[in-house]
Amino acid sequence: MRVPLIAGNWKMNGRREDIRALVAGIRERFNAGARVELLVLPSFPYLDFVASTLEGSGIDLGGQDLSERDDGAFTGDVSAGMLLDCGCRYVLAGHSERRTLHGEDDQTVAAKFETALRAGLKPVLCVGELLEERDQGRTEEVVRRQLGAVVDRVGIAALADAVVAYEPVWAIGTGRTASPEQAQSVHAFIRSQLADESATIAGQVRILYGGSVKPDNAVDLFACDDIDGGLIGGASLQVDSFMAIAEAACP
Ligand code: 13P
């Protein structure tokens, strides 16, 4: 069975002291015996610091992005090797804020996904439609294209250790969550797209939901068959809300 994963994407938030308190609170509340995995994704400058404060906690660390290239003359970029060196096990690829604000297209995201895998990181592929695309009835078409670009590039077997996060763009930071039915329907679609290539891999891959997950909607979302946890933005910045969401994943 798939163990739920609750990931806190801190985005570009926090300073050392906020982060110190946040990690201490999460550590204190985390029950390492619970059937849930926790992952935190700080900004690059704090990775090393968070890695040291997480030591021995069983909580995983990840990067919010990576370069598709290996080390070299790429000012401002961060390589997969650097993330690994800082203690990361996971990395996001294709978060909607990277796609929209930094112009990352499906090919770039697929290249980043491949680079992460090659380095030994577990990529979390983020997919999701814009409001306009949902209103036009194009959600499945968009998600199929985003996921397909990655599967075509790396092959289905390479997804065995990966995670997919469905984050409808209209639900990110808006307080407007997808209903459990809306989310489950897209998650089932993603799993069926994977199953067209390999039923085994499709059964293994964790598919997280992201977009305004809060303690009061988490239980219903996580009760859905194909939702294996969450990628949490705003609510991951407070110990109480993040841990309440984590607890909702392992009732
Ligand atoms: P919010 O939980 O703030 O809507 O953000 C979701 C997200 O983008 C996580 O990656």
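In what follows, the structure referred to is the one given above.
Note on numbering: residues in each chain are counted from 1, in written sequence order. Local features in a predicted model are, by the rule used here, given only for residues with pLDDT of at least 70; side-chain atom pairs are given and counted only at 80 or more, and totals for whole chains, interfaces and linings are based on all residues. Excluding hydrogens and water, the side-chain figures rest on all heavy atoms present in the structure.

**Student:** Requested: an account of the sheet that holds strand S6 (residues 163–166), with residues and values cited.
**Tutor:** Should DSSP find at least two bridges between two strands, the strands are regarded as paired. We count a stretch as a helix when DSSP gives it H or I for four or more residues in a row; a strand needs E for two or more, and each element gets its number in order from the N terminus. Taking strand neighbours around the barrel as the criterion, the eight strands line up as S1-S2-S3-S4-S5-S6-S7-S8 in a closed arrangement whose pairing is parallel. Taking the axes of each pair of neighbouring strands and ignoring which way they run, one obtains an average angle of 25° across the sheet. Here, two residues are considered to be in contact whenever any of their heavy atoms come within 4.5 Å of each other. Every angle, taken between N-to-C directions, lies between 0 and 180 degrees, and every axis is a line fitted to C-alpha atoms, over only the stretch in contact when it is a helix. Lying on the sheet, helix H8 (residues 180–195) is in contact with strand S5 (122–127), S6 and strand S7 (206–210); it crosses S7 at an angle near 150°.

**Student:** Report on the pairing of strand S1 (residues 5–9), specifying residues and quantitative values.
**Tutor:** When you tally the buried positions in S1, you get five out of five residues, the bulk of the element. In this sheet, strand S2 (residues 37–41) lies alongside S1 in parallel orientation, the contact comprising five bridges. Bridging across to S2, alanine 7 finds its partner in leucine 39. Handedness is read with the strands pointing away from the viewer; a crossover is right-handed when the path from the first strand over the helix to the second is clockwise. Following the backbone out of S1, through helix H1 (residues 16–29) and into the adjacent parallel S2, one traces a crossover that is right-handed. For every residue, the accessible area (1.4 Å probe, protein chains only) is compared with the maximum for its type, and the residue is labelled buried under 20%, exposed over 50%, or partly exposed between those bounds.

**Student:** Describe the nonpolar core, and please don't skip the residues or the numbers.
**Tutor:** In terms of nonpolar packing, the biggest core is built from 68 residues, with Ile6, Val50, Ile190 and Phe222 touching the most fellow members. For this core, the leading source of residues is helix H11 (residues 239–248), giving six residues. Residues within four places of isoleucine 190 in sequence aside, it is in contact with Val127, Val143, Leu147, Val164, Tyr166 and Ile207. Judged by nonpolar contacts, the second largest core, of twelve residues, contains Leu41, Tyr90, Val163 and Leu208. Among buried residues, those of type Ala, Val, Leu, Ile, Met, Phe, Trp, Tyr and Cys that are joined through side-chain atoms within 4.5 Å constitute a nonpolar core.

**Student:** Account for the pattern of salt bridges, naming residues and giving values.
**Tutor:** When a carboxyl oxygen of Asp or Glu lies within 4 Å of a side-chain nitrogen of Lys or Arg, that pair is called a salt bridge. Here the structure, examined in full by the defined rule, presents 20 salt bridges. With a shortest N-O distance of 2.9 Å, aspartate 228 and arginine 2 are connected by a salt bridge. With aspartate 228 in the loop between helix H10 (215–222) and strand S8 (229–232) and arginine 2 in the segment before S1, this residue pair connects regions lying 226 residues apart in the sequence. You can call aspartate 228 buried: its relative accessible area is 6%. Between glutamate 104 and arginine 98 there is a salt bridge, with the nearest N and O atoms lying 3.2 Å from each other. Taking relative accessible area as the criterion, arginine 98 reaches 24% and is therefore assigned partly exposed. By sharing partners, the salt bridges in this structure join Arg2, Arg191, Asp226 and Asp228 into a single network.

**Student:** Any details on the packing of H10 against H11? Residues and values, ideally.
**Tutor:** Following both chains from N to C, one finds H10 and H11 inclined at 20°, their axes separated by 8 Å at the closest point. It follows that H10 is roughly parallel to H11 by the angle criterion. The hand of the H10/H11 crossing is right-handed. Facing Pro215, Ala218, Val219 and Phe222 of H10, the residues of H11 in contact are Ser241, Ala244, Ile245 and Ala248. Under this grouping Gly is polar, as are all residues other than the nonpolar Ala, Val, Leu, Ile, Met, Phe, Trp, Tyr, Cys and Pro and the charged Asp, Glu, Lys and Arg. Of the residues assigned to the contact of H10 with H11, the class counts are seven nonpolar, one polar and no charged. When an angle is under 35 degrees it counts as roughly parallel; over 145 it counts as roughly antiparallel; between 65 and 115 it counts as roughly perpendicular; any other value is oblique. Left-handed describes a crossing whose near helix is turned anticlockwise from the far helix through less than a right angle; right-handed describes the clockwise counterpart.

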